[in-house]
Every structure is written in C-alpha cells, then in structure tokens.
Amino acid sequence: MTEKILILDFGSQYTQLIARRVRELNVYCEIHPYNHIPEIDSNVKGVILSGSPCSVRDSGAPDIDLDRVNHGSPVLGVCYGAQLIAHKLGGEVMRSEMREYGRANLSKVDTHYELLKEIEIDSQVWMSHADTISRLPEELELIASTPTVEAAAFKHKEKDIWGIQFHPEVTHTKQGQEILRNFVVHICGCSQDWTPDIFVESTINELKEQLGNDKVVLGLSGGVDSSVAAILIHQAIGKNLHCIFVDNGLLRKNEFEDVLASYEGMGLNVKGVDAKEQFYSALVGLSEPEAKRKAIGKIFIDVFDQESHKIEDVKWLGQGTIYPDVIESVSVKGPSATIKSHHNVGGLPDYMKLKVVEPLKALFKDEVRRVGRSLQIDEKILGRHPFPGPGLGIRILGEITKEKVRILQEVDHIFIDGLKKHDLYGDVWQALAVLLPVQSVGVMGDERTYENVVALRSVSSVDGMTADFSHLPYEFLGHISSEIINRVKGVNRVVYDISSKPPSTIEWE
Ligand code: XMP
C-alpha cells in the first residue's frame, strides 16, 4: 500500500488545491470529510486540517478528536485547522478587527523549525479569514508572524502539531510549496515516490487481481478520461475489456471514424455503433435544452445497454470517473451518503446490475493526462478539448435537424482546424461553434442572401467552473470568418462570443 497524507476537509474552497499541491510533490493524498475520518493506519504519514467557512466560535462548529488524528502522525492545521487546534488547547480565537484577507508579508520567521526551513523573512503569504488567534495557549509556541497577524504560524511544544493561519496552497503564498514540502517530506517523512509510472504499474496489478478473468464493458467517448481508463484496464485484462463507442450523430466532423481508428490502433477491443438515426428521431420536435439533453442521455443508455447485453457474461462496467467527481460534494454538512449522488454512475439503468470499476477515481484531470503520457497514449487524444456528452446537440440552438448538424460540423471543423494550424489549439481550454436560430441579410456577388449566423466561442479556464473568453488575434478571427462564410453553404455571418463565465456559461444551452 502507498504511503499517504490525509486531508481532513472542513469545507474550504481551497481543500482540493491542498491535495493538488501535495501531489505535485509526488506524495499521494486523500481528502476526507472531517466527520468521516478513515482509520489512521501506518500508511498515513501525516494529516492536514483544511480551512473552513465556519468559525470555531460557532455552536456546532466542525470539530475533531485531535489526539486520535495526531496518534502516530504529524498534524498541520491550515487557517480554520490552525484556529481549531489553538481553540481546543485553550487559546483564544476572536473575530478579527480587520478582516484578514489578501497579501501580507512575514515579519518574523523562526527557520530553526522544520516547517519554516528556508522560508525568508518578508516572504509573501495569503490570508483569508474573518477570525484570528488572539492568544496562543501555553502548549503552543509562536514561530512566525506578519505585521497584523501575530500567530501566523505555531508549533506544539511537545507534540508534532503545527498550525499556519495563511494558505500555503495558493500561488499568492510565494513559498507555500516549500512549506508543504517541509511538512510532508521533512516532518512526515514521505518518500515522494508517487509518480505516474508507479501509479500505472500498481493500478495494473490491482486491476489484474480485482478483475481476474471477468469481462468488463466500457463506453468510450473520445475524451481523455474514458480513453486513459480503457488503456489501463486493457493493459490489465486485454481482450476481456469490451469497449463501445457510440456515434450519436452529434459528434464533430469525421470524429467517429478518426477516433475509432486511433482506438483500434492502440489495440483496444472496440465496437463502433452507428446509432445516428435513433438519436435524430428521438430529437424531432425538441427544442428546449434540458429536453434535448434528456433525450440524448436516454437513447445513449438504451444503445449502450443493448450492446452490452450482446457481450456474454459481462460482470463489470468500466468508467473514467475522476477525483473531482467523487469529492465534489464533500462539504461541512456532508456525510458520505451525499458523496454518492455526484458519483458518475447516475446513468446506469437499474437492471444492469454490473459492478463498477473506476481506475482513475483518485486522480485529478492533469494527473490523468500525465498517466496517459506514461501509457504513451497519443497526444491527439490527451490534449483534446473537453466535449460535452450531448455534443453538437446543445450547440444547435433550438430543434436539431441533419442539415443543421452538417452546417455546424463544417463550421466547427474550420474553426478547430484553424486553431491547430495556427498553433492556438493548445493555448485555449475549449473552443466551439454555435449555430444560432437567427438568419441575417448578406450579400454575395450581386445576390442578396438571408442565411444563418454562427457564433464562435473560445475560452481559457482551469476547470470549466469559471472562464474568460480567449483573446484570439483579430487576424486569425478574420481569416476563420471568411473561410467559414466562403466555404459553408448556409452561413453568411460569423460573430465571436466575448462573454465570461460567470455570468455566461461556456455552452450556449
Ligand atoms: P458550461 O456550459 O456549464 O460548461 O459552462 C462547463 C463545461 O461542461 C461541459 N458541459 C457538458 N458536459 N454534458 C457534458 O458532458 C453536458 O450536458 C454539458 N453541458 C456543458 C462544457 O462543454 C464545458 O466544458
């Protein structure tokens, strides 16, 4: 078993970020709600207590048994975590007179302590709290301060318990990663050997043991997660993995053929299913976005279910679920029961009583890509922009027809291909075209035209939760606009979407 750091979540918006930073140090870690702490066995090398929107002074504030978590493993409290430690040991936590939010610089740092080794005086840190530790208890000693926050960091005089009131996980804390390294490597003694290669090797061994001679069915989408999950399972059980790739008629131009060929090239046992007509007929007369999503989802389940029944004795459903899908709903209110509701198995019909295998469920998206590279999966698949399950179905506003799909596929192809040719594809998080239910007047040669308007959208983002429009060069946009209008019959106007999310969303429907 791998050594690990446990992160106990008290509901801070930054908890996932702590996990990412720890993993960047090649140390495996897991997030657990503070009220569902797993067994702290010898694999647990240390425990980090996260921040929280709560105040330790509130009645019913999130609390833990400090002796239990500190039993055999060092503890680091961050922000609320630090305040909780101080409060529990008899210190005083008060509402701060000034809200301590934003950048500050360390005015005192005691680098004799392992947590602060090589941390410079004046180093910038990021504070974000309404409460502050106004008096440290006897058992804790002060090891760092800023001009406004005296107890910026502390250590327990006898035990391996540490606290910092600023956030080491955000980039505004310039030496935050050094502090986390000091904790996980020097204080907890983690060996930093959790690399993509090791993950691949151990996951394949675990899958072999778990699956034996059983058959697994897995739906491929062409995206990164399902592809990497498939290759991992394939390396463990070979032809016993049966992949299904459904053409719903709403994919990008040539996508079905291209992706199918590259899956076959990777040696996957994959069946391409042409279900276009089933999807188109289910969509007739539907123009409301959620109604279209539901219809597309339902047909997908029907087709997938039908196909998987053709595989005899299949026992498992493989899925490309990733870590954010599993931990998304961890909150201060959340017992583990609520975690399940976000779990990516909602689409599974009841009568398909398959066990679920999810080899990526401990990984963040960028880690999935690194694992994909370690598996030597083609960059063309690993670097792909996210693409929604309902595909072009939610980019054709209003009712979907085959002719509209054809128009949008052509437009999208010119845009995406142009981004690739101009070396812009890798710089943007996601790019897309939308066919608007609007016609506008134009002139081509001597003729008046009255045709469709398309919108191009390209965004930069980290996780799709917030996004800004990409500042693509005007020359590029001008070139793509004339390519589209000259080459795609039925389009005479192109506009560029300059909205950010929020308040707009990335997709138009
Ligand atoms: P929005 O439009 O909500 O999109 O800003 C955020 C991200 O989610 C994708 N998206 C979807 N993905 N099914 C999916 O699988 C959907 O119904 C869906 N709607 C949006 C979107 O492409 C973007 O990456």
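Residues numbered from 1 in each chain as written. Predicted model: local features only at pLDDT ≥ 70, side-chain atom pairs only at ≥ 80, totals over all residues. Heavy atoms only, no water.

1. Regarding the environment of H234
Now for step 1: Inspection of the secondary structure puts H234 in helix α6 (residues 224–237).
Now for step 2: A C-alpha to C-alpha distance of 8.6 Å links H234 and G267, two positions 33 residues apart in sequence.
Now for step 3: The residues touching H234, leaving out its near neighbours within four places in the chain, are L241, M266, G267 and L268.
Now for step 4: Within the structure, H234 has its side chain in polar contact with the backbone oxygen of G267 (distance 3.5 Å). (Helix = DSSP H or I, 4+ residues; strand = E, 2+ residues; numbered from the N terminus. Contact = heavy atoms within 4.5 Å. Polar contact = N/O pair within 3.5 Å; in protein donor to acceptor, adjacent residues only side chain to side chain.)

2. Describing the pairing of strand β17 (residues 447–460)
Now for step 1: Alignment of strand β16 (residues 430–444) against β17, held across 12 bridges, turns out to be antiparallel. In the sheet register, A431 faces β17, and the bridge partner there is S458.
Now for step 2: Taking the residues between adjacent antiparallel strands as the criterion, β16 and β17 are bridged by 2 residues, where G445 takes a positive phi near 60°.
Now for step 3: Here β17 pairs with strand β19 (residues 491–496) via 5 bridges, running parallel. Bridge pairing in β19 links A455 to V495.
Now for step 4: With 2 bridges joining them, β17 and strand β18 (residues 468–469) adopt antiparallel strand pairing. (Pairing = 2+ DSSP bridges.)

3. Quick look at the site of the ligand
Now for step 1: Close contacts around the ligand come from 13 residues, with R293, Q430, K501, I506 and E507 the closest.
Now for step 2: In the environment of the ligand, an oxygen atom lies 2.5 Å from a nitrogen or oxygen atom belonging to the side chain of R293.
Now for step 3: Its free accessible area being 490 Å², the ligand has 68% of it covered by the protein chains.
Now for step 4: A breakdown of the residues in the shell around the ligand according to their chemical character gives 6 nonpolar, 4 polar and 3 charged. (Near = heavy atom within 4 Å. Areas by Shrake-Rupley, 256 points an atom, 1.4 Å probe, with all protein chains shown as cover. Nonpolar A, V, L, I, M, F, W, Y, C, P; charged D, E, K, R; others polar.)

4. Some remarks on the packing of aromatic side chains
Now for step 1: Enumeration over the complete set of coordinates arrives at 9 aromatic pairs.
Now for step 2: Ring geometry for W194 against F199: centres 6.3 Å apart, planes inclined by 85°, an arrangement best described as edge-to-face.
Now for step 3: The interplanar angle of 15° and the centroid separation of 5.9 Å between the aromatic rings of F300 and F304 together place this pair among those described as stacked. Here F300 pairs with F304, and both are found in helix α9 (residues 289–309), just 4 residues apart, close to one helical turn.
Now for step 4: What makes F300 partly exposed here is its relative accessible area of 34%.
Now for step 5: Within the aromatic cluster, the residues linked to one another by ring pairs are F10, Y34 and Y80.
Now for step 6: Directly above the ring of F364 sits R20, whose terminal nitrogen or CZ lies 5.0 Å from the centroid. (Phe/Tyr/Trp six-rings, centres within 6.5 Å; stacked < 30°, edge-to-face > 60°. Buried < 20%, exposed > 50% of the residue type's maximum accessible area, 1.4 Å probe, protein only. Lys NZ or Arg CZ within 6 Å of the ring centre and 35° of its normal.)

5. What to know about the side chain of S128
Now for step 1: By secondary structure assignment, the location of S128 is in strand β7 (residues 124–135).
Now for step 2: The buried category is assigned to S128, whose relative accessible area is 16%.
Now for step 3: Excluding its chain neighbours within four sequence positions, the residues that come into contact with S128 are C79, E100, Y101 and H167.

6. Remarks on the domain arrangement of the protein chain
Now for step 1: Looking at the protein chain, the domain boundaries give domain 1 (4–187), domain 2 (196–382) and domain 3 (401–496).
Now for step 2: Between the C-alpha centres of domain 1 and domain 3 the distance comes to 48 Å. (Domains from an automatic or database assignment.)

7. Quick word on the nonpolar core
Now for step 1: Judged by nonpolar contacts, the single largest core of 45 residues is most densely connected at V411, L419 and I484.
Now for step 2: Broken down by element, the residue count for this core peaks at 8 residues, all from helix α14 (residues 402–421).
Now for step 3: When residues of this core are assigned to domains, at least three fall in each of domain 2 (196–382) and domain 3 (401–496).
Now for step 4: Residues in contact with L419, not counting those within four places in the same chain, are L424, Y425, A431, L472 and F476. (Core = buried A, V, L, I, M, F, W, Y, C linked by side-chain atoms within 4.5 Å.)

8. A short note on helix α7 (residues 255–265)
Now for step 1: Turning to α7, its buried residues are E255, F256, V259, L260 and Y263. Considered in projection along α7, the buried side chains sweep an arc of 115° and stay on one side of the axis.
Now for step 2: On its buried side, α7 packs onto β11 (215–220), α6, β12 (241–247), β13 (270–274) and α13 (379–382).
Now for step 3: With its phi angle positive at about 85°, G267 sits one or two positions after the end of α7. (Arc of directions from axis to C-beta.)

9. Considerations on the sheet that holds β12
Now for step 1: Judged by pairing direction, the sheet is parallel, and its 5 strands sit side by side in the order β13-β12-β11-β14-β15 without closing on themselves. A strand with exactly one partner marks an edge of an open sheet, and here the two such strands are β13 and β15 (355–357). Pairs of neighbouring strands in the sheet enclose a mean axial angle of 30°, with direction left out of account.
Now for step 2: Where β11 lies against strand β14 (residues 314–318), 4 bridges are found, and the strand directions are parallel. Within β14, the position partnered with V217 by the bridge is L317. (Axes fitted to C-alpha atoms, helices over the stretch in contact; angles between N-to-C directions.)

10. Observations concerning the packing of α14 against helix α15 (residues 474–487)
Now for step 1: Closest axis-to-axis distance for the α14/α15 pair is 10 Å, and the angle between their directions is 150°. With respect to α15, the axis of α14 lies roughly antiparallel. At the point where α14 passes α15, the crossing takes the right-handed sense. Counted together, V411, I414, F415, G418 and L419 of α14 and F476, I480, E483, I484 and R487 of α15 form the full contact between these two elements. (Parallel < 35°, antiparallel > 145°, perpendicular 65-115°, else oblique. Left-handed = near helix turned anticlockwise from the far one by under 90°.)

11. A closer look at the environment of R406
Now for step 1: Relative to the helices and strands, R406 resides in helix α14.
Now for step 2: With a relative accessible area of 31%, R406 lands in the partly exposed category.
Now for step 3: The spacing of R406 and S12 is 394 residues in sequence and 46 Å in space, taken between C-alpha atoms.
Now for step 4: A polar contact of 3.0 Å, which involves the side chain of R406, links it to the side chain of E403.

12. Concerning the side chain of K4
Now for step 1: With respect to the helices and strands, the residue K4 is situated in strand β1 (residues 4–9).
Now for step 2: Judged by relative accessible area, K4 falls into the buried class, the value being 11%.

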